[in-house]
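# Coordinate inspection notes
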Amino acid sequence: MNAPDPAAAPAVTPEHALGTFVGHVCRYFEQIGGSRPEMLEPVLERRPSPRLANTGYMAVAGAAEGWIALSLPDALLHRLLADLGETLRDRGALLDLTAEMAGTITSLARAEYGEHLRVSPPFAIDAAAPEPPLPVPPVSLKLPFRWESHEAYLRIALLPPPASP
Amino acid sequence: MKLLIADDSLIVRRAIERNVAWAGFGEIRFAANGRRALEEYRTFRPDIVTMDITMPEMDGLTAVDAILREDPAARILVVSALADKSTAVEAIKRGAQGFLLKPITPESLREAVADLLEP
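Everything in this summary refers to the structure shown in the same document.

Moving on to the overall build of chain B. On a plain count of helices and strands, chain B comes out with five helices and five strands. Starting at the N terminus, the α and β elements of chain B follow one another as β-α-β-α-β-α-β-α-β-α. Here the C-alpha atoms of chain B give a radius of gyration of 13 Å, agreeing with the 14 Å that 2.2 N^0.38 yields for 119 residues. Each principal axis of the C-alpha distribution contributes one length, and for chain B these read about 30 × 30 × 30 Å. Across the 119 residues of chain B, 55% fall into the buried class. When the accessible surface of chain B is summed, it comes to about 5,100 Å², and 51% of that surface belongs to carbon and sulfur atoms. In chain B, 16 positive and 19 negative side-chain charges are present, and the distance between their average locations comes to 3 Å.

This next bit is on the pattern of salt bridges. All told, the structure shown has 24 salt bridges over all chains when counted by the stated rule. The salt bridge involving arginine 51 of chain A is made with glutamate 131 of chain A; its shortest N-O contact spans 2.9 Å. Here arginine 51 of chain A is found in the loop between strand S2 (43-45) and strand S3 (54-62), whereas its partner glutamate 131 of chain A is found in the loop between strand S6 (123-126) and strand S7 (140-147), with 80 residues between them in sequence. On the basis of relative accessible area, arginine 51 of chain A is assigned to the buried category, the value being 15%. The partner of glutamate 57 of chain B in a salt bridge is arginine 35 of chain B, with the nearest N and O atoms 2.8 Å apart. Of this pair, glutamate 57 of chain B sits in the loop between strand S3 (48-51) and helix H3 (60-70) while arginine 35 of chain B sits in helix H2 (residues 34-44), placing them 22 residues apart in sequence.

A few words on the packing of helix H2 (residues 74-84) of chain A against helix H3 (residues 91-109) of chain A. A packed helix pair is summarised by two numbers, namely the angle formed by the two axes and the spacing between the axes. All names here are of chain A. Contact geometry of H2 with H3 gives a least axis separation of 10 Å together with a crossing angle of 85°. With respect to each other, H2 and H3 are oriented roughly perpendicular. The segment H2 lies against H3, with Asp74, Leu77, His78, Leu80, Leu81 and Leu84 engaging Arg91, Leu94, Leu97, Thr98 and Met101. Split into classes, the residues belonging to the contact of H2 with H3 amount to seven nonpolar, two polar and two charged.

Moving on: the interface of chain A and chain B. Across the contact, 26 residues belong to chain A and 24 residues belong to chain B. Approximately 2,000 Å² of surface area, both sides summed, lies buried where chain A meets chain B, with 61% of it carried by carbon and sulfur atoms. Across the contact surface, chain A and chain B share three salt bridges. For glutamate 100 of chain A, the salt bridge identified is with lysine 102 of chain B, shortest N-O distance 2.9 Å. Counting the contacts that link chain A with chain B gives 11 residue pairs in polar contact (both at pLDDT 80 or more). At the level of secondary structure, the elements contributing two or more residues to the side of chain A that touches chain B comprise helix H1 (14-33), H2 and H3 of chain A. The biggest single contributor to the side of chain A that touches chain B is H3 of chain A, with seven residues.

Conventions we followed
- Along each chain, the written sequence defines residue order, and numbers are assigned to residues from 1.
- To read the labels, note that chains go from A and ligands from 1, taken in the order they are written.
- Local features in this predicted model are restricted to residues of pLDDT 70 or higher, and side-chain atom pairs are both shown and tallied only at a pLDDT of 80 or more, whereas totals for entire chains, interfaces and linings draw on every residue.
- The basis for every side-chain value is the complete set of heavy atoms in the structure, and neither hydrogens nor water enter the calculation.
- In DSSP terms, a helix is any run of H or I states spanning at least four residues, a strand is any run of E spanning at least two, and both are numbered starting from the N terminus.
- Each radius of gyration reported is based on C-alpha atoms, and the globular scaling rule is 2.2 Å times the count of residues to the power 0.38.
- Any residue under 20% of the maximum accessible area for its type is buried, any over 50% is exposed, and the rest in between are partly exposed; the area is computed with a 1.4 Å probe on protein chains only.
- In these tables, accessible area is a Shrake-Rupley quantity obtained with a 1.4 Å probe, and a residue counts as shielded only by the protein chains included in the view.
- Note on charges: Lys and Arg go in the positive column, Asp and Glu in the negative column, and His and the chain ends are not counted at all.
- Think of each charge as sitting on NZ of Lys, CZ of Arg, CG of Asp or CD of Glu.
- A carboxyl oxygen of Asp or Glu within 4 Å of a side-chain nitrogen of Lys or Arg is what we treat as a salt bridge.
- A fitted line through C-alpha atoms serves as each axis, taken over the contacting stretch for helices, and the angle formed by two N-to-C directions is quoted from 0 to 180°.
- Angle categories: roughly parallel below 35 degrees, roughly antiparallel above 145, roughly perpendicular from 65 to 115, and oblique for all the rest.
- The contact rule is simple, with two residues in contact once any of their heavy atoms fall within 4.5 Å.
- Only Asp, Glu, Lys and Arg are considered charged, only Ala, Val, Leu, Ile, Met, Phe, Trp, Tyr, Cys and Pro nonpolar, and every remaining residue, Gly among them, polar.
- Buried area, as used here, totals the accessible surface that two parts lose on assembly, with accessibility defined by a 1.4 Å probe and the loss added over both.
- Polar contacts here mean pairs of N or O atoms no more than 3.5 Å apart (in protein, one a potential hydrogen donor and the other a potential acceptor; neighbouring residues in sequence count only if both atoms are side-chain atoms).

What is shown is where atoms sit, not what they do.
Here it is, written out as C-alpha cells:
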C-alpha cells in the first residue's frame, strides 16, 4: 500500500470525532450487547479524571496525532463477556476485551478519515498501572455513557494541529 | 479440515473458535500476530485462515502477502474493523478471499466461513 499524502489529509477535530465515535460506540454495544448505551453529556477536561478499572488505548497518527481511550468497569465487561458466550473472567480477559473494543471502535471511526488516519495496535491497562507514555494534549474530550446501569467513558485526546507558518 | 485463527485478542480468537464449531474443523491453531501466523501456516497448512489486520510485530496484510507468496492457493478471510474501502480492497487485491467487518457476530462469521468452504 502506498503511503498516504499527509497534505491531502482531512482535518480531524475533537468535535467531528465526537459525532463519529458516538455512533460507533452505540453500534458496538448494540451489536455485541443487544442494546445501545445512553450517551451522557460530553465534558472537555484539562486534567483527565481517574481511569476506571480497565482502560484500552489506541494511538492515532497522520490526520490527527493523539490517542483514543475507552475506560470500562469490571461489571460492564463481565456482562459483555457473558453476551459473547465467553467463560473467562480474569483480569487478562477483561483487559483483552477492553483493548479489542478500543481498537475496534477507533478502527471503525477511521473509515471517516480513510488511510490518512493511521492506527496502532491497541493496548489496555488496569486502574493501578502508571499512565502510559502517550502525548498529553492541553484538553481532552470525555464522552461518558451508561450501558445496562454501568457507567463508562470514551476519551478523545488529540494534539492541536501545528500552527500555520 | 484445519483452521488457523490469527488475532492479537485472546477473546476474539476464542469467539471465532466457538462460532465455527458447526463447520467441524478437525484441528484449530492460533496466532497472536502476523509473524506467528506465517510460521504456523508453514507447518500447519490450514484449509482456512482468519486474519486480523491490526496486530503487533507483523500486521495482517503483510502476513497475507507472505502466506500467498508461499502458497497462492491459501484461503484467507480478513477479519478487521478497518472499515474504509481502501483497506478491504487492498486485502482482496492482495489475494484474500473474503473480508469480514468487526465486531463479528455468529451470523456474519458463519456466512463468511461458509463462503470460503465452498469448493
